[in-house]
Amino acid sequence: MSVFISWANRLLGYTPPTTPADQPRVRADRNSHLAHQQLLAKAEAGGIDLYFEGDSITRRWGALDYPELLAHWNDTFHGWNAANFAWGGDRTENILWRLENGELDGVHPKVIVLLAGTNNLGRDPGGEEVAAEVTRGLEAIVAACREKAPEATIVLTAIFPRNDNPAVLPTIASINANLAAMADGDSIRFLDVNPGLTGADGLLLEEMTVDGLHLGLKGYQVWAEGLKPILTELLGPPAATDHAPPPTGDPSAAERSAAQGR
């Protein structure tokens, strides 16, 4: 039904009202629905101790359609039973919908790593009102995680700077300060790897990013080095074997590959 509504809105030129960042909202496109089904199956497979959530920046790290990044993911997290539940283009309200519709049900991870919020920023400078709105969305995601996985430690990752829109850097800084204040150092941790990703101007270093927004291999290595001490503390050293379910990818990429093979 949501796919039909999206089609009808486009046909009629209707733009639905914006959903608040802390209220769940389903993505209307078919590809997101297919990805949701894949992620539900991944959740049901079990064997997950380390659960990653977020948008495309997180998703690319452990996705089939980014094999070089997936190899780095495997090298970094093998033995910690890690699974990636992020989805590209998601705003906080979309992540909240996915969490409230089965993607964390019965998983019982020991650690949840969250990086989200950049897609809520838009193209305008934003300011404190936007920072407060995005913070409410992230607080809602944390609350959903605590409800679904009360024993898990949540690692809040600071939003990365955006070279494609430097005007939002002060807003990102405000959100990250709010995230730091949310952390209690115990069940909620705050991880800020931005100093290792940026230059003196506060922008992502060229070698850390592929497009001014998404990370490249060197950027993910910086994130990995920030996570490893926390994960070792909470999960112990990586085991020799890994029990996480297989990675998923972009359903549309799989369909294109299948079509080319015919």
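Everything numeric in this text was worked out from a predicted model, so none of it was measured.

On to the confidence of the model for the protein chain. With 90% of its residues at a pLDDT of 70 or more, the protein chain has an overall mean of 92. Segment residues 1–10: pLDDT under 50, and eleven contacts once partners within four positions in sequence are set aside and those in other chains are kept. With pLDDT under 50 throughout, residues 12–16 is counted as low confidence; its partners more than four residues away or in other chains account for three contacts.

Here the focus is unusual backbone geometry. Excluding glycine, most residues fall at negative phi; most peptide bonds, likewise, are trans. Residue Asn81 is not a glycine yet carries a positive backbone phi of 55°. With respect to the helices and strands, the residue Asn81 is situated in the loop between α4 (67–77) and β2 (82–84). In the Ramachandran plot, His108 falls in the positive-phi region, its phi being about 55° despite a non-glycine side chain. Inspection of the secondary structure assignment puts His108 in the loop between α5 (92–103) and β3 (111–115). Its relative accessible area of 56% is what places His108 among the exposed residues.

The next subject is α4. Owing to its 3.6 residues per turn, the α-helix aligns residues three or four sequence positions apart on the same side. Of the positions making up α4, those classed as buried are Leu69, Leu70, His72, Trp73, Thr76 and Phe77. One side of α4 holds all its buried residues, which, seen down the axis, span an arc of 160°. Turned more than 90 degrees away from the buried face of α4, the exposed residues are Pro67, Glu68 and Asp75. Packed against the buried residues of α4 are β1 (50–54), β2 and α9 (217–235).

Moving on: the environment of Glu207. Structurally, Glu207 can be placed in the loop between α8 (194–197) and α9. Distance in space between the C-alpha atoms of Glu207 and Ala149 is 36 Å, their sequence separation being 58 residues.

Further remarks concern α5. Burial analysis of α5 places ten of its twelve residues in the buried class, which makes it a mostly covered element. Turning to α5, its buried residues number three or more, namely Thr92, Glu93, Asn94, Ile95, Leu96, Trp97, Arg98, Leu99, Gly102 and Glu103. Next to the buried residues of α5 lie α2 (30–45), β1 and α6 (128–148).

About the thresholds
- Within every chain, residues take consecutive numbers counted from 1 along the sequence as written.
- In keeping with the model being predicted, local features are shown solely for residues with a pLDDT of at least 70 and side-chain atom pairs are shown and tallied solely at 80 or more, while totals for entire chains, interfaces and linings include all residues.
- Note that the side-chain values use all heavy atoms of the structure and ignore hydrogens as well as water.
- One number per residue, pLDDT, summarises how confident the predictor is, and it ranges from 0 to 100.
- Contact between two residues is taken to exist if any of their heavy atoms lie within 4.5 Å; hydrogens are not considered.
- In DSSP terms, a helix is any run of H or I states spanning at least four residues, a strand is any run of E spanning at least two, and both are numbered starting from the N terminus.
- Only protein chains enter the accessibility calculation, which uses a 1.4 Å probe. A residue is then buried if its area is under 20% of the maximum for its type, exposed if over 50%, and partly exposed in between.
- Throughout, the arc means that of the directions going from the helix axis to the C-beta atoms.

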